[in-house]
Amino acid sequence: MGNNYTSGMSGNHRDLATRREARMSNSTGPLPAASTAARSYPGSFDFENMLVSLRELFALDRQKASQSDSSRCGICYLHFLFSELHYRDEEGFYVCYNCERALGKQTVPMLRRQQK
Ligand SMILES: [Zn+2]
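Residues numbered from 1 in each chain as written. Predicted model: local features only at pLDDT ≥ 70, side-chain atom pairs only at ≥ 80, totals over all residues. Heavy atoms only, no water.

A. View of the side chain of Gln114. Along the chain, the position of Gln114 falls in the segment after helix H4 (97-103). Separated by 2.9 Å, the side chain of Gln114 and the backbone oxygen of Arg72 make a polar contact. (Helix = DSSP H or I, 4+ residues; strand = E, 2+ residues; numbered from the N terminus. Polar contact = N/O pair within 3.5 Å; in protein donor to acceptor, adjacent residues only side chain to side chain.)

Laid out in structure tokens, this is it:
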């Protein structure tokens, strides 16, 4: 749209750009909304850092998984020692302390029950 305005008159050009921007931010379509959400992250979001911490997490997870007295949390799927897990009898899966706290009294129906 409006390509015939972009050459020549610089005033009009700037006008057009502002108008286009306004239209984009007014739109309630799914794409602009998503990009707004991404931009609302604090500027300090560090992908590199996230990768490093994930790598550490997985290394720790493998280490725990190799121990015989460990099992997976049914929610976050990370490995924990049995002493760090709580077995939820009603639903039939282990849950770690963090997930248990997040869940609270909520019941989570599981497709497959874990072995106790
Ligand atoms: Zn968990």
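B. Highlighting the side chain of Glu91. By the secondary structure assignment, Glu91 is in the loop between strand E3 (85-88) and strand E4 (93-96). Of note is the side chain of Glu91, whose polar atom sits 2.9 Å from the backbone nitrogen of Val108. With residues up to four places along the chain from it excluded, the contact list for Glu91 reads Gln106, Thr107, Val108, Met110 and Arg113. (Contact = heavy atoms within 4.5 Å.)

C. Up close: the packing of aromatic side chains. With the rule as written, the count across this model stands at two aromatic pairs. Here the aromatic rings of Phe82 and Tyr94 are separated by 5.4 Å at their centres, their planes lie at 50°, and the arrangement is tilted. Note that Phe82 is positioned in the loop between strand E2 (79-81) and E3 and Tyr94 in strand E4, a separation of 12 residues in sequence. The structure contains a cluster of three or more aromatic residues connected by ring pairs, namely Phe82, Tyr87 and Tyr94. (Phe/Tyr/Trp six-rings, centres within 6.5 Å; stacked < 30°, edge-to-face > 60°.)

D. The coordination of the zinc ion, seen in detail. Protein coordination at the zinc ion: the donors are Cys73 (SG), Cys76 (SG), Cys96 (SG) and Cys99 (SG), at 2.3 to 2.4 Å from the metal. Angles of 102 to 115° at the metal separate the four donor atoms of the zinc ion, which places the site in the tetrahedral class. (Donors = N, O, S within 2.8 Å, 3.2 Å for Na, K, Ca; no water. Tetrahedral: all angles 85-135°; square planar, octahedral: opposite > 155°, others 65-115°.)

E. Main features of helix H3 (residues 47-65). Counted at 1.5 Å a residue, the expected span for H3 with its 19 residues is 27 Å, and the 26 Å between its end C-alpha atoms agrees. Backbone nitrogen of Glu48 and a side-chain oxygen of the N-cap are separated by 3.1 Å at the start of H3; the cap is Asp46. (Expected span 1.5 Å × (residues − 1).)

F. Highlighting the pattern of salt bridges. Scanning the entire structure with this criterion turns up four salt bridges. What emerges from the salt-bridge pattern is a single network uniting Arg88, Glu91 and Glu100. (Salt bridge = Lys/Arg side-chain N within 4 Å of Asp/Glu carboxyl O.)

G. Here's a closer look at unusual backbone geometry. The backbone phi angle of Tyr77 is positive, close to 65°, even though this residue is not glycine. Note on placement: Tyr77 falls in the loop between strand E1 (70-72) and E2.

H. Region of interest: the nonpolar core. Cys73, Leu78, Phe80, Leu85, Tyr87, Phe93, Tyr94, Val95, Cys96, Cys99, Leu103 and Val108 together form the largest nonpolar core, which totals 12 residues. Breaking this core down by element, the ones donating at least two residues are E3, E4 and H4. Setting aside chain neighbours within four positions, we find Cys99 in contact with Cys73, Ile75 and Cys76. (Core = buried A, V, L, I, M, F, W, Y, C linked by side-chain atoms within 4.5 Å. Buried < 20%, exposed > 50% of the residue type's maximum accessible area, 1.4 Å probe, protein only.)

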